[in-house]
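# Chains, contacts and geometry: an overview
Given next are the chains, with one letter for each unit.
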Amino acid sequence: MGKQKKPSVNPKNLQAYERINFLHQASVLMSTIKYEPNATTKESTEKKAKVKDWQGDPKGTLLGISRYLNNTMKHTSAKLVIRLDPHLKRMVCKRCDTTLLPSITSTHRIKSMPVTTIVTTCKVCKAKRRFAFHDKDYVLFNDKAAIHDEQNDTSEPSLDSNTYIENDAIQWAIEDTENAPYFYDQNEASSSTAFDPFQDMTKDITEQTEPVEPPFKAEPMTIRVEDPQKSPNGSFITYRLFTMTCLEHYSTNNRPVRRRFRDFVWLHNALSAEFPTCIIPPLPEKHRLKFIKGDRFDAQFIEQRRLGLQWFMDRIARHPYLQASQYTRLFLESTDFATDKNVYSKTLATTASNNTTSNGGILSSFFKPAIKVKKPDEKFEEMKDTVDKFQDNLHVIEKLYSRIGRRQQELENNYKQFAASIRGLSGLETNVDQPLRQFAESIETYANAYKERRRQEELLFLNDLHELLNYCHAAKEQLTERDMKQVTFEDMTVDLQSVVLERERILYPGKNFGSTSGMNITEFMTDKMTDIGKARNEKLLRLELKIKQMQQTVAKANDENNNYSNQMVKEFELFKQAKQTELKQSLAAYADCHIEFYTKSISIWENILPVLDRIQLQDM
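Here we summarise the structure given alongside this text. Note that the coordinates shown come from a computational prediction; the quantities given were computed from them, not determined experimentally.

## Here's the deal with the overall build of the chain
Looking only at helices and strands, one finds 17 helices and 6 strands in the chain. Approximately 38,400 Å² of the chain is accessible, and the part contributed by carbon and sulfur atoms is 53%.

## Describing empty space enclosed by the protein
In this approach a probe as big as a water molecule rolls over the atoms, and the regions it shows empty are the leftover space. Tallying each qualifying case throughout the model produces 2 cavities of 30 Å³ or more. In this structure, the largest cavity encloses a volume near 80 Å³. Every residue lining the largest cavity is listed: Ala449, Glu452, Arg453, Gln456, Cys593, Glu596, Phe597 and Lys600. Only helix H15 (433-507) and helix H17 (532-613) provide two or more residues apiece to the lining of the largest cavity. Each residue belonging to the lining of the largest cavity can be placed in one class, and the counts come to 3 nonpolar, 1 polar and 4 charged.

## Quick notes on the environment of Phe261
Residue placement: Phe261 occurs in helix H8 (residues 261-274). Note on Phe261: relative accessible area 11%, which makes it buried. Along the backbone, Phe261 and Lys286 are 25 residues apart, and their C-alpha atoms lie at a distance of 9.3 Å. Contact partners of Phe261, with chain neighbours within four places excluded, come to Ile237, Pro284, Lys286, Arg305 and Leu309.

## As for the pairing of strand E5 (residues 237-245)
Within a regular strand, the side chains alternate between the two sheet faces. Relative to E5, strand E4 (residues 221-230) is paired through 8 bridges, and the arrangement is antiparallel. Residue pairing for E5: Met221 is matched across the bridge by Thr245. Here E4 folds back onto E5, and the loop between the two strands holds 6 residues, one of which, Gly234, carries a positive phi near 75 degrees. In terms of strand pairing, E5 meets strand E6 (residues 257-260) through 4 bridges, oriented antiparallel. The residue of E6 that forms the bridge with Thr238 is Arg260.

## Description of the pattern of salt bridges
According to the stated counting rule, one finds 24 salt bridges in the structure shown. Two residues, Arg315 and Glu582, come together in a salt bridge whose shortest N-O distance is 2.6 Å. Of this pair, Arg315 sits in helix H10 (residues 299-317) while Glu582 sits in helix H17, and the two are 267 residues apart along the sequence. Comparing Arg315 with Glu582 shows no difference in burial state: the two are buried. Connected through salt bridges with shared partners, the residues Glu381, Lys384, Arg482 and Asp483 form a single ionic network.

## Section: a negative patch on the surface
A cluster of acidic residues, Asp377, Glu378, Glu382 and Asp385, forms a negative patch on the protein surface. On the secondary structure map, Asp377 appears in the loop between helix H13 (337-358) and helix H14 (378-428).

## Remarks on a positive patch on the surface
A contiguous patch of positive charge on the surface is contributed by Lys111, Lys126, Lys128 and Arg130. For Lys126, the position within the fold is in the loop between strand E2 (117-122) and strand E3 (128-132).

## Overview of the nonpolar core
Residues Leu241, Phe264, Leu267, Met313, Phe331 and Leu332 are the most contacted members of the largest nonpolar core, which totals 31 residues. Of all the elements in the fold, those that place two or more residues in this core are E4, E5, H8, H10 and helix H12 (326-333). In this view, Phe331 contacts Leu241, Val257, Arg259, Asp263, Phe264, Leu267, Met313 and Phe337; residues no more than four positions away in its chain are not counted.

## A look at the sheet that holds E6
Taken in spatial order, the 3 strands line up as E4-E5-E6 in an open sheet, and their pairing is antiparallel. Each of the sheet's edge strands pairs with one partner strand only, and the pair in question is E4 and E6. The sheet shows a mean angle of 35 degrees between the axes of neighbouring strands, direction not considered. The strands that H8 touches are E5 and E6; relative to E6, the one it contacts most, it runs at about 85 degrees. Against the sheet, H12 engages E4, E5 and E6, with an angle of about 110 degrees to E6.

## Some thoughts on the environment of Ile33
Assignment of secondary structure puts Ile33 in the loop between helix H1 (14-32) and helix H2 (63-79). The spacing of Ile33 and Thr61 is 28 residues in sequence and 6.3 Å in space, taken between C-alpha atoms. Setting aside chain neighbours within four positions, we find Ile33 in contact with Gly60, Thr61 and Leu62.

## Here we look at the sheet that holds E2
If you walk across this open sheet you meet the 3 strands as E1-E2-E3, and the pairing is antiparallel. Looking at the sheet topology across the chains shown, the edges are occupied by strand E1 (106-111) and E3. Ignoring which end each strand starts from, the neighbouring axes of this sheet average 20 degrees apart. Looking at chain direction, E1 and E2 are connected through 6 bridges and run antiparallel. Among the inter-strand pairings, Arg109 is bridged to a residue of E2, identified as Val119.

How each quantity is defined
- Residues numbered from 1 in each chain as written.
- Predicted model: local features only at pLDDT ≥ 70, side-chain atom pairs only at ≥ 80, totals over all residues.
- Heavy atoms only, no water.
- Helix = DSSP H or I, 4+ residues; strand = E, 2+ residues; numbered from the N terminus.
- Areas by Shrake-Rupley, 256 points an atom, 1.4 Å probe, with all protein chains shown as cover.
- 1 Å grid on protein atoms, 1.4 Å probe; cavity = no way out; pocket = protein on both sides within 12 Å on 5 of 7 lines; lining within 4 Å.
- Points joined across faces, edges and corners; volume = space filled by probe spheres on them.
- Nonpolar A, V, L, I, M, F, W, Y, C, P; charged D, E, K, R; others polar.
- Buried < 20%, exposed > 50% of the residue type's maximum accessible area, 1.4 Å probe, protein only.
- Contact = heavy atoms within 4.5 Å.
- Pairing = 2+ DSSP bridges.
- Salt bridge = Lys/Arg side-chain N within 4 Å of Asp/Glu carboxyl O.
- Patch = residues over 30% accessible without salt bridge, like charges linked within 9 Å, V, L, I, M, F, W, Y side chains within 5 Å.
- Lys, Arg positive; Asp, Glu negative; His and termini not counted.
- Charge placed at Lys NZ, Arg CZ, Asp CG, Glu CD.
- Core = buried A, V, L, I, M, F, W, Y, C linked by side-chain atoms within 4.5 Å.
- Axes fitted to C-alpha atoms, helices over the stretch in contact; angles between N-to-C directions.

In structure tokens, the structure reads:
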């Protein structure tokens, strides 16, 4: 049988290693290139202030570019926590980042006393590096064959300079420089930080490849909910919806359609399943006490529900995603909604089940109040405080208005009693019977206007407060859902770290990792009593598979958390705009009710004044 090939290595951060490979090869190439400088080109005579004993670059070289590439390579490895190969690190000057090529940019001398040492001197900054050889059999850690055999699949690939340097190119450079002295006696210096050969190219690539996110703004859209009517069998109420919009996928006919409350519930559930990261506007309450009393067809209750549905559709029309949903278009335009709804319900059921699974199932809803984020984001904590304070203020306003409403009702009853007393007085005073009756009628009219004002305030102002409170509750639920995503990501990250720590503990049994998680007496005795090598390799294989699966799960959880967070920022901005708009409308409606009431009151009293003026004293 032939010799089996070892499995290929699939390292992490493969693109990063490829980038470091390119930077190293490019820096070596730039160090070997020479060109004839133009006589008209003005050379820089500034010295590099931060480097001691700076000798400057020779004319006709590209060492500045080489230093820039080496500096970028070091920053890349440091940022990604990648350990460079010792051979590669020894080819870069620690002081000025020049590539150290023998007889080109550096000199190498061997000293035998007191210990055999290789002294490498940079020709640019005169920095020296010494490598002593205490043991002739000494081998660098990355060059040990046992390490590569033992950690074939788990070790990170080392960046060996022998892999990247083309010997022919270096030999050509050495032969080319043998005839000319290469001693740095010029004062000209090219700063690596002042010149970036990839600056324009990187800028162009960034401008071309960076995706441009469309603005999160809704198109103009108006939806009117009006004309409530009983169904032909008299079992429910339908509402007429008329839509005006410039969205492309909507029809231009603008034909009105009729929907019942159950259809609005379907739309709410469909939008919740399609957009789990959005704040879906709540529906008006069903007010089941009205059904028990038997007056669900009461005119005031129907009007109150119509206004709640109007606010529900207005919030959808102001949302960029909800207004463009296929379910919204179907709801607003379908002429055979019962049939079309059944067709879309199959897709809707699949989407809802996927969202339920990704959100942790039905039982997760019971633990929402108990979740606690380990590293809370100040931005979202501030959102919660804002919603809580606004909700508390609405509760205070609602309580105060309820108190005012009770007083207004008492005052209304008092006015009615006052009118009855005046009417009784007219029966005793026969001479002024007619004027007193008219005065009593004016008081009754005033009491009725008082009642109408209170009814309009409850319908337009108090009902709007209830809808705003429900909207706040929906926003808080969405913030809690985002916290659940973050808690899920944090828990998965902790689990992944424990498994990685267990793998590191098996790879390096004598190393102290600062934690004993994953170690127990059973595992300890198993390691001692079984075949150490076989059991160790099998366990490492299982841990590697588990780590790969958990890494994919953690990455998916991180993406979901980021999507929820980014969308929540946009949703909160829409929530604030809707809150301001609706609060302004409710306060304006409250003011209009009072203006209408006082205008009517002035007219009532102005009409009764001439009647009272015609009463003569002798008639009393």
